[in-house]
Amino acid sequence: MTSKVTLTSLQCMKEKKEKITALTAYDYSFARLLDEAGIDLILVGDSLGMAICGEDNTLKVTVDEMAYHTGAVRKGVKRAMLVADMPFMSFHVSPENTLENAGRLIRAGAEAVKLEGASDGVLESAKRLVSVGIPVMGHVGLTPQAVHQMGGFKLQGKGIEAGRKIIDDAEALEDAGAFSIVLECVPVSLAEEVTEKLKVPVIGIGAGVGCDGQILVSYDMLGIPSDVTPKFVKKYADLSNVIKDATTAYIKEIRAEKFPAEEFCYTAPTRRLKAI
Ligand code: KIV
C-alpha cells in the first residue's frame, strides 16, 4: 500500500500536477475493491439515493442513511481519503444542526464532508465546520440538490455571467476554507479557468481533462444500470450483463439439477446417522 491519502497529499498532487482519482462507494465490499485498486479519494455520495435506492434525484437521502453507508464504507477503506456528502437540508437549518450532522458523518468514519452550493449560508456552514476541525469539500456547477431550481440535470455555466458566477462561487468556497472543490457538468474552458484560479484541487465530473482530478459515480462507470446516464460517463465495465449472465446461468443450473453438484455438498456417514 502506498501511503495514506491526506489533505496535504492531495494539495501536493495539485502542486506537482499529478491527477487525483476519485469514485463514489456506498458499501464495504465496493469500497474495499476501489481502495485496493489504488483510488485516491472515495466519496460516499448522496447519489446513493439514485444508485442504490432507485430515486429520481438525491433529495430524499437523510443524515441517518449517509451515516449508515459511511460506516460500512469506512471498514473497507485503508488508503483513500474518505469524504461523505452532507445530504439535502442537512446544512441549512441552523449552525448547530449543521455541526451535529457533520459530526455524525465524521463519527461514522468520514475524514471530510462535502457541501453543495455556495450561498452565504453554505459559506457560513463551511467556515464553521472548518473552524472546528472538520475538513470541507465544496461542490459547484451542477449541484444535484438544486435540481428543481436548475430545471433538471443540465450543463451549467454556459454564458459569461453564469461562468463568472461559478468562478466566484468556487473562489468563495476556497476562501471559506474548503480543501477541494467538485466541479460538475460545466464547459471544459470554464473548468480550466477555475482550476487555474484555485489553489486547492478541483475535482471534475463532466468538466473535461483540465481539472486536477476526476470523479464518477462508481455504478455509472461500472455499467450498473441507472435511469440517468449523463453524457460525461464512460463505462469501464459492463457489470449489468456480467450480473445478468451469472444469474441466468444459476437459474438454469438449479432447474436442471446441476447445482449444487457434489463438490458443493456436505456428506455424513449415513449409517451412523440412521443409528441415532
Ligand atoms: O453524490 C455524488 O455522488 C456526488 C458526485 C457525483 C460528485 O456528488
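This structure is a prediction, so every number in the text was calculated from the model and none was measured.

## Re the packing of helix α8 (residues 160-175) against helix α9 (residues 188-197)
- It is the contact of α8 with α9, at a shortest axis distance of 10 Å, that shows an interaxial angle of 30°. Here α8 is positioned roughly parallel relative to α9, judged by the angle of their axes. Here the hand of the crossing between α8 and α9 comes out right-handed. Contacts from G163, I166, I167, A170 and E171 of α8 reach α9 at L190, E193, V194 and K197.

## A short note on the packing of aromatic side chains
- Going through the model one piece at a time under the given rule, you end up with four aromatic pairs.
- Here the aromatic rings of Y26 and Y219 are separated by 5.6 Å at their centres, their planes lie at 75°, and the arrangement is edge-to-face. Within this pair, whereas Y26 is found in the loop between β1 (20-24) and α2 (28-37), its partner Y219 is found in helix α10 (residues 218-221), the two being separated by 193 residues in sequence.
- Overall, Y26 belongs to the buried group, its relative accessible area being 2%.
- Through pairs of rings, three or more aromatic residues link up here, namely Y26, F30 and Y219.

## A closer look at the site of the ligand
- Neighbouring the ligand are T24, L43, G45, D46, S47, D85, K114, H139, V182, I205 and V217.
- In the model, an oxygen atom of the ligand is placed 3.0 Å from a nitrogen or oxygen of the D85 side chain.
- Contact between the ligand and K114: an oxygen atom at 2.8 Å from a side-chain N or O atom of the residue.
- Coverage of the ligand by the protein amounts to 95% of the 260 Å² it exposes when considered alone.
- Taken together, the residues that form the shell around the ligand break down as four nonpolar, four polar and three charged.

## A few points about α2
- A31, L34 and D35 are the residues of α2 that are buried. Within α2, the buried residues cover an arc of 100° as seen down the axis, which keeps them to one side. In α2, those exposed residues whose orientation departs by more than 90 degrees from the buried face are L33, E36 and A37.
- Near the N-terminus of α2, the side chain that reaches the backbone nitrogen of S29, with its oxygen 3.3 Å away, is that of D27.
- Residue G38 follows α2 closely and has a positive phi angle near 100°.

## Remarks on unusual backbone geometry
- With an omega dihedral of 0°, the bond running from F259 to P260 counts as a cis peptide bond.
- Examined against the element boundaries, P260 turns out to sit in the loop between α11 (239-255) and α12 (270-275).
- For K17, which is not glycine, the phi torsion reads 60° and is therefore positive.
- With respect to the element layout, K17 can be found in the loop between α1 (7-15) and β1.
- In this structure, M89 is a non-glycine residue whose phi angle is positive, near 65°.
- Looking at where M89 falls in the secondary structure, it is placed in the loop between β3 (81-85) and α5 (95-107).

## A look at the sheet that holds β3
- Pairing in this closed barrel of eight strands is parallel, and the strands run β1-β2-β3-β4-β5-β6-β7-β8 around the ring. Between one strand axis and the next, the sheet turns by 25° as a mean value, whatever way the strands run.

## Side note on the packing of helix α4 (residues 63-76) against α5
- Where α4 contacts α5, the two axes come as close as 8 Å, and the packing angle between them is 20°. With respect to their mutual orientation, α4 and α5 come out roughly parallel. Considering the relative orientation of α4 and α5, their crossing is right-handed. Between α4 and α5, the contacting residues are V63, D64, M66, A67 and T70 on the first element and N101, R104 and L105 on the second.
- Of the residues belonging to the contact of α4 with α5, the class tally is four nonpolar, two polar and two charged.

## Here's the deal with the pairing of strand β2 (residues 41-44)
- Residues L41 and L43 line one face of β2 and the alternating positions I42 and V44 line the opposite face, and both faces are buried.
- The β-α-β motif built from β1, the intervening α2 and the parallel element β2 has right-handed crossover chirality.
- Here β2 runs beside β3; their pairing, made up of four bridges, is parallel. Bridged to I42 within β3 is L82.

Definitions and limits used
Residues numbered from 1 in each chain as written. Predicted model: local features only at pLDDT ≥ 70, side-chain atom pairs only at ≥ 80, totals over all residues. Heavy atoms only, no water. Axes fitted to C-alpha atoms, helices over the stretch in contact; angles between N-to-C directions. Helix = DSSP H or I, 4+ residues; strand = E, 2+ residues; numbered from the N terminus. Parallel < 35°, antiparallel > 145°, perpendicular 65-115°, else oblique. Left-handed = near helix turned anticlockwise from the far one by under 90°. Contact = heavy atoms within 4.5 Å. Phe/Tyr/Trp six-rings, centres within 6.5 Å; stacked < 30°, edge-to-face > 60°. Buried < 20%, exposed > 50% of the residue type's maximum accessible area, 1.4 Å probe, protein only. Near = heavy atom within 4 Å. Polar contact = N/O pair within 3.5 Å; in protein donor to acceptor, adjacent residues only side chain to side chain. Areas by Shrake-Rupley, 256 points an atom, 1.4 Å probe, with all protein chains shown as cover. Nonpolar A, V, L, I, M, F, W, Y, C, P; charged D, E, K, R; others polar. Arc of directions from axis to C-beta. Pairing = 2+ DSSP bridges. Right-handed = clockwise from strand over helix to strand, strands pointing away.

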